[in-house]
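Single-letter residue listing:
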Amino acid sequence: MSVELKDIIVALQKNRVRISDHADEEAKVDRFTFDEIYFSVFHGEVIKDYPGNNPYPSCLIFGRAFSGEPIHSVWAYNKQNGWAVIITVYRPDPELWIDARKRRIL
């Protein structure tokens, strides 16, 4: 089962979000605030689904920070309780991504 962007957005709106330690660390390293990470999700798009991830399906979301720079964030969603988990967040490396949306074949 794929994660729907609308479900992640509803979880954000209802403050039903868990931030993993890894996502918290990566946000600090890349100097992203969670306000701009959430903004990137509200205006973003799912660019990769991971329906088989455990314990919950997850997805990679492409969005933009307040400054317009690209942000990738990986989210899991628990459909049973309506909670979202941000697993990681990072700046997509232009050597690995085309327009921050499509993975380059190396």
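The structure under discussion appears in the preceding block.
Basis of the calculations
- Residues numbered from 1 in each chain as written.
- Predicted model: local features only at pLDDT ≥ 70, side-chain atom pairs only at ≥ 80, totals over all residues.
- Heavy atoms only, no water.
- Core = buried A, V, L, I, M, F, W, Y, C linked by side-chain atoms within 4.5 Å.
- Buried < 20%, exposed > 50% of the residue type's maximum accessible area, 1.4 Å probe, protein only.
- Helix = DSSP H or I, 4+ residues; strand = E, 2+ residues; numbered from the N terminus.
- Axes fitted to C-alpha atoms, helices over the stretch in contact; angles between N-to-C directions.
- Left-handed = near helix turned anticlockwise from the far one by under 90°.
- Contact = heavy atoms within 4.5 Å.
- Phe/Tyr/Trp six-rings, centres within 6.5 Å; stacked < 30°, edge-to-face > 60°.
- Salt bridge = Lys/Arg side-chain N within 4 Å of Asp/Glu carboxyl O.

This part covers the nonpolar core. The tendency in soluble globular proteins is for nonpolar side chains to be buried as a group. Of all hydrophobic cores here, the largest spans 22 residues; its most connected members are Ile8, Ile37, Val41, Ile61, Trp75, Ile86 and Val89. Contributing elements (two or more residues each) for this core: helix H1 (5–13), helix H2 (21–29), helix H3 (34–42), strand E3 (58–64), strand E4 (70–78) and strand E5 (83–90). The element that contributes the greatest number of residues to this core is H1, accounting for 5 residues.

Here H1 crosses H3 at 145°, and the two axes come no closer than 10 Å. For the crossing formed where H1 meets H3, the hand is left-handed. Residues Leu5, Ile8, Ile9, Leu12 and Gln13 of H1 form the contact with H3, whose own contacting residues are Tyr38, Val41 and Phe42.

With the rule as written, the count across this model stands at 3 aromatic pairs. Relative to Trp75, the ring of Tyr38 lies with its centre 6.3 Å away and its plane at 50°, an arrangement referred to as tilted. Taken as a pair, Tyr38 in helix H3 and Trp75 in strand E4 lie far apart in primary sequence, 37 residues in all. An aromatic cluster of at least three residues, connected via ring pairs, comprises Phe34, Tyr38 and Trp75.

Before going further, it helps to spend a moment on the pattern of salt bridges. Overall, the coordinates contain 5 salt bridges when judged by the stated rule. For the salt bridge of Lys79 with Asp7, the shortest nitrogen-to-oxygen distance reads 3.2 Å. Within this pair, whereas Lys79 is found in the loop between E4 and E5, its partner Asp7 is found in helix H1, the two being separated by 72 residues in sequence. According to the relative accessible area criterion, Lys79 is partly exposed, its value standing at 49%. Residue Arg91 is joined to Asp30 by a salt bridge in which the shortest nitrogen-to-oxygen separation is 4.0 Å. A residue pair is termed long-range when its members are at least 10 positions apart, and Arg91 in the loop between E5 and strand E6 (97–98) and Asp30 in the loop between H2 and H3 qualify at 61 residues. Each member of the salt-bridge network shares a partner with another, and the members are Asp30, Glu69 and Arg91.

Any functional reading would require information that these geometric values do not contain.
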